[in-house]
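One-letter residues, chain by chain:
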Amino acid sequence: MSSNFIVESCSVDSEEGVKLHTRVFKPRNEGEEVSDDGNLVIVLVHPFSLLGGCQALLKGIASELASKGFKAVTFDTRGAGKSTGRATLTGFAEVKDVVAVCRWLCQNVGAHRILLVGSSAGAPIAGSAVDQVEQVVGYVSLGYPFGLMASILFGRHHKAILSSPKPKLFVMGTQDGFTSVSQLKKKLKSAVGRTETHLIEGVSHFQMEGPEYDSQVTDIICNFISSL
């Protein structure tokens, strides 16, 4: 079965000499790109690399986005997958990796507009990069770990995304396990600008990371894009 998208692998240079293994998912016929959004690129940031998170976890969503006419990009942050360097516990060095990939896309793929999508621990990391890249026009979080335990590691990332004026969407399962619905709502009370939530009933944190929710998550992302 021939798929209606193509995948190109490349290496992107980040800070400290780190090389990031990156994949660009493109519609097979460039002419079939969603016309108004041909210059929009969706950059996906994977879950916590110290727990085995890598770009392969986001392959399903990236493939579906490309099938729908969007360019989507996955990459391994430092120390994950085939990328060089060392992963960090709090994800601050990884923010530089997100910024490096975004800048590379602007220079090499003509990305005028970027949507950042972070999954699990990738959500705080992506959130800290949102205002560091002018071309980022919006942000989607998939299971942002706002809960108390996760905040020990990622709490210092919260302020960056909550204080960003850019449109943001927080997608979460109601049985998340790391963050309760009430914790999410309480956190988002302090958010600036357009902030939306999309709750998936009865779904846990790791279920949502699994492939059976890729189609639903892709549709949610596409709806958000059409509203930007």
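First, a word on what this report is: a plain description of the structure on this page. Note that the structure is predicted; figures quoted are calculated from it, not measured. Every residue gets a number counted from 1 within its own chain, in the order that chain's sequence is written. With pLDDT at 70 or above as the cut-off, local features in this predicted model cover only qualifying residues; side-chain atom pairs require 80 or more to be listed or tallied, and sums for whole chains, interfaces and linings still use all residues. Side-chain measures were taken over the full set of non-hydrogen atoms in the model, leaving aside hydrogen atoms and water.

Its identity as a non-glycine residue notwithstanding, E16 has a phi of 60°, on the positive side. A run of H or I in DSSP counts as a helix once it spans at least four residues, and a run of E counts as a strand once it spans at least two, with each numbered from the N terminus. Residue placement: E16 occurs in the loop between β1 (5-13) and β2 (19-27). For S120, which is not glycine, the phi dihedral falls at a positive 55°. Mapped onto the secondary structure, S120 falls in the loop between β5 (113-119) and α3 (122-129). Exposure remark for S120: the relative accessible area of 10% places this residue in the buried category. Partly exposed residues are those whose accessible area sits between 20% and 50% of the maximum for their type, while under 20% is buried and over 50% is exposed, using a 1.4 Å probe and protein chains only.

Let us now look at helix α2 (residues 92-108). A helix is expected to span 1.5 Å multiplied by its residue count minus one. End to end, α2 covers 25 Å across 17 residues, agreeing with the expected 24 Å (1.5 Å per residue, within 8%). Burial in α2 covers these residues: A93, E94, V95, D97, V98, V99, A100, V101, C102 and L105. Once α2 ends, the next one or two residues include G110, with phi positive near 65°.

Moving on, we get to the nonpolar core. Within this scheme, the nonpolar core is defined by two criteria: the residues are buried Ala, Val, Leu, Ile, Met, Phe, Trp, Tyr or Cys, and they are joined through side-chain atoms within 4.5 Å. In terms of nonpolar packing, the biggest core is built from 36 residues, with V43, V98, V101, L116, Y139 and F170 touching the most fellow members. The dominant element in this core, judged by the number of residues it contributes, is α2, at six residues. Non-local contacts of L116, meaning those with residues more than four positions away in its chain, are made with V43, V98, C102, A126, A129, V130, V136, G138, Y139 and V140. Counting residues in hydrophobic clusters, the runner-up holds 28 residues, among them L40, I42, A62 and V140. Should any heavy atoms of two residues lie within 4.5 Å, those residues are considered in contact.

We now examine the state of the cysteines. Disulfide: a pair of cysteine sulfur atoms within 2.5 Å of each other. A full pass over the atoms with the stated rule returns zero disulfides. Free of any disulfide, C10 has its nearest neighbouring cysteine sulfur in C102, separated by 13 Å. C102 provides the cysteine sulfur closest to C106, a residue in no disulfide bond, and the two sulfurs are 6.8 Å apart.

For the rest of this paragraph, the subject is the packing of aromatic side chains. When the centres of two rings from Phe, Tyr and Trp lie within 6.5 Å, Trp using its six-membered ring, the rings pair. Their planes under 30 degrees apart give stacked, over 60 give edge-to-face, and anything left gives tilted. Following the criterion strictly, the structure yields seven aromatic pairs and no others. Relative to F25, the ring of F5 has its centre 6.2 Å away and its plane inclined at 35°; by these criteria the two rings are tilted. Here the residue F5 occupies a position in strand β1, and F25 occupies one in strand β2, the gap between them amounting to 20 residues. In terms of burial, F5 and F25 fall into one category: buried.

Burial of strand β7 (residues 168-175) is extensive: seven of the eight residues sit out of reach of the surface. Two strands form a pair only when DSSP identifies at least two bridges running between them. Two strands pair when backbone bridges link them, and strand β6 (residues 136-142) and β7 are joined in this way by four bridges, in the parallel orientation. When the bridges of β7 are listed, S141 appears paired with F170.

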